[in-house]
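# A look at the structure
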Amino acid sequence: MPGVSARDLSLEERRQLAVKLTRVLALYRSILDAYIIEFFTDNLWSTLPCSWQEALDRLNPPQLATLLLGLPGEGEVVRYRSVWPLTLLALKSTAYALAFTRTPGFQTPSEFLENPSQSSRLTPLFRKHVRPKKQHEIRRLGELVKKLSDLTGCTQVVDVGSGQGHLSRFMSLGLGLLVKSIEGDQRLVERAQRLDQELLQALEKEKKRNPQVVHAGPRYPPHHVVRWVDPTALCEELLLPLEPAPQGGARLLLTGLHACGDLSVALLRHFSCCPEVAALASVGCCYMKLSDPGGYPLSHWVAGLPGYELPYRLREGACHALEEYAERLQKAGPGLRTHCYRAALETVIRCAHPELRRPGVQGIPRVHELKIEEYVQRGLQRVGLDPQLPLNLAALQAHQAQEHRVVAFFSLALLLAPLVETLILLDRLLYLQEQGFHAELLPLFSPELSPRNLVLVATKTPLGQAFSVLETENS
């Protein structure tokens, strides 16, 4: 996805980008605030300008992917079958112009060309128990942390929210870093420790079979700590060194792979408040779980802008996968009807129980194989209502006939969603810069594999030209 690179912007340009983002998001707030399951109950289609309705009503899913969510490649010409209103074209151009680019500087994803399930850049021992997406993420983030640690002279890495420890294991046993892993779930820590031992045994066997292949020098498994990190207070355990501090004291590098909600904010606060922390590499996610207030905004600049507020619905929408949905549109599979079916179900729920709004519906398998009335009956049962309620079949079929409109409206919301993520991450950059620190943002993962692919890198001393080393792909 094209867009603006945070690295190319001065502090003042970043501030002005925040101004533009708040204005644009305020202008299109009605689209971002809408819940797609209320498409029929709230008549969302009618909230769009009539000229937009006319342009979008004619598009099938592949055309939506190309004309609305896509930009032409080099030398490619996008041909519109009708004249689009300038306001809709302006929205599309603005969405791409103001969002941080999510396109990494490497071939996407070259490591899976031979086998879509196994990264060619990881040895088999580090691929075991790890899905392709996570293989890609731990390798890319681990290698960036290794480079950043070398550049900043850090003596220890702290992996916060480490889960089953896949990233920690790769950084410690694969890259030779001294790693402390902090995770609040005891069961995940126990699982991580079992996987550590399994990998150590496998490495020992490999060393005996191929002593010339296994890296020289001692490598230690991560040190696991069971601890919830409070986003509102400093965690002393996080700051304790694993080894006696060298002369000049310990220098810590904090990292978190998809640190959920306030956990990513906690990393920022530890970095800014603790002299022991010299560097940060954080990939956030689950923006809807940010405390309000407290998790956003962090910077004085964004907090002072009119229209800076990002309610839950906007932050939740920013976590969707734009690239994945565009691919689904191109394939035009029957799975696209799910939103339409769920919106139709909402009309039946509201009719039976007007006070019941947007109840959670547990996943209904193989939706695309069901008739709309079958889906509604199963959905009623999932929310505790009588599945034998009399249904207006003609009304349900009329809703189903508008499936293409539901898809078009959802695509509009997805087009705008990256602007919300851009504002959240821009606020974090400005928060660090307001304190005199050096912060950059770069696309680290393939967005097709990992939708939250932007890593925030911060240091307390400028890296200058050395920062470009972080963006290069290891050979």
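Now for a description of the structure that goes with this document. Since the model is a prediction, treat every value here as computed from it, not as a measurement. (Residues numbered from 1 in each chain as written. Predicted model: local features only at pLDDT ≥ 70, side-chain atom pairs only at ≥ 80, totals over all residues. Heavy atoms only, no water.)

Turning to the overall build of the protein, a few remarks are in order. Per the secondary structure count, the protein includes 19 helices and seven strands. Computed over the C-alpha atoms, the radius of gyration of the protein is 24 Å, within 12% of the 23 Å expected from 2.2 N^0.38 for a compact globule of 475 residues. Per-residue burial for the protein yields a buried fraction of 51% across its 475 residues. With an accessible surface of roughly 21,600 Å², the protein has 52% of that area assigned to carbon and sulfur atoms. Taken together, the 52 basic and 49 acidic charged side chains of the protein have centroids lying 3 Å from each other. (Helix = DSSP H or I, 4+ residues; strand = E, 2+ residues; numbered from the N terminus. Rg over C-alpha atoms; globule rule 2.2 N^0.38 Å. Buried < 20%, exposed > 50% of the residue type's maximum accessible area, 1.4 Å probe, protein only. Areas by Shrake-Rupley, 256 points an atom, 1.4 Å probe, with all protein chains shown as cover. Lys, Arg positive; Asp, Glu negative; His and termini not counted. Charge placed at Lys NZ, Arg CZ, Asp CG, Glu CD.)

Our focus in this paragraph is the layout of surface pockets. As a volume, the largest pocket reaches approximately 450 Å³. Lining the largest pocket are 25 residues, and of these Gly161, Ser162, Gly163, Glu183 and Leu263 lie nearest its centre. Elements with a contribution of two residues or more to the lining of the largest pocket: strand 1 (156–160), helix 8 (166–174), strand 2 (179–183), strand 4 (252–260) and helix 11 (262–273). The biggest single contributor to the lining of the largest pocket is strand 4, with four residues. The residue inventory of the lining of the largest pocket, partitioned by class, reads 12 nonpolar, eight polar and five charged. (1 Å grid on protein atoms, 1.4 Å probe; cavity = no way out; pocket = protein on both sides within 12 Å on 5 of 7 lines; lining within 4 Å. Points joined across faces, edges and corners; volume = space filled by probe spheres on them. Nonpolar A, V, L, I, M, F, W, Y, C, P; charged D, E, K, R; others polar.)

Our next topic: the nonpolar core. Ranked by size, the top nonpolar core spans 116 residues in total, and within it Leu56 and Phe100 carry the most contacts. By residue number, the principal contributor to this core is helix 18 (residues 403–434), which donates 20 residues. Not counting residues within four places of it along the chain, the set of residues in contact with Leu56 comprises Trp45, Leu48, Leu64, Leu68, Leu88, Ala408 and Leu412. Membership of the second largest hydrophobic core comes to 33 residues, among which are Leu177, Val179, Ala279 and Leu463. (Core = buried A, V, L, I, M, F, W, Y, C linked by side-chain atoms within 4.5 Å. Contact = heavy atoms within 4.5 Å.)

Attention shifts here to the packing of helix 15 (residues 338–352) against helix 17 (residues 393–400). Put simply, helix 15 and helix 17 touch, their axes get as near as 9 Å, and they point 145° apart. Considering the relative orientation of helix 15 and helix 17, their crossing is right-handed. The segment helix 15 lies against helix 17, with Cys340, Tyr341, Ala344, Thr347 and Val348 engaging Leu396, His399 and Gln400. Here the residues of the contact of helix 15 with helix 17 sort into five nonpolar, three polar and no charged. (Axes fitted to C-alpha atoms, helices over the stretch in contact; angles between N-to-C directions. Left-handed = near helix turned anticlockwise from the far one by under 90°.)

Looking now at empty space enclosed by the protein. One pass over the structure, following the stated rule, counts five cavities of 30 Å³ or more. Estimated volume of the largest cavity: approximately 80 Å³. Ile31, Leu32, Arg313, Leu314, Gly317, Ala318, His320, Phe410, Ala413, Leu414 and Ala417 together form the lining of the largest cavity. Elements that contribute at least two residues to the lining of the largest cavity include exactly helix 2 (29–33), helix 13 (312–317) and helix 18.

Attention shifts here to the sheet that holds strand 1. Spatial ordering of the open sheet is given by 3-2-1-4-5-7-6, a layout of seven strands whose pairing is mixed. Of all the strands in the sheet, the pair left with one neighbour each is strand 3 (223–226) and strand 6 (438–443). Here the strands of the sheet are splayed against their neighbours by 15° on average, with no regard to which way each runs. As paired elements, strand 2 and strand 3 share four bridges and run parallel to each other. Residue Glu183 lies in a different strand from strand 3, and its bridge partner there is Val226. Here helix 7 (residues 132–152) sits on the sheet in contact with strand 1, strand 4, strand 5 (277–285), strand 6 and strand 7 (454–459), set at roughly 155° to strand 4. (Pairing = 2+ DSSP bridges.)

The topology assignment puts Arg342 in helix 15. Taking the relative accessible area as the measure of exposure, Arg342 reaches 9% and is therefore buried. Reaching out from Arg342, the side chain makes a polar contact with the side chain of Glu346 at a distance of 2.9 Å. In this structure Arg342 touches Ile37, Ile349, Arg358, Pro359, Val361 and Tyr375, once residues within four positions along its chain are discounted. (Polar contact = N/O pair within 3.5 Å; in protein donor to acceptor, adjacent residues only side chain to side chain.)

Taken residue by residue, helix 14 (residues 322–331) has Leu322, Glu323, Tyr325, Ala326 and Leu329 as its buried positions. Seen from one end, helix 14 has its buried residues packed into an arc of 165°, which puts them on one side. Buried-residue contacts for helix 14 involve helix 4 (61–68) and helix 18. Downstream of helix 14 by one or two residues, Ala332 has phi in the positive range, about 50°. (Arc of directions from axis to C-beta.)

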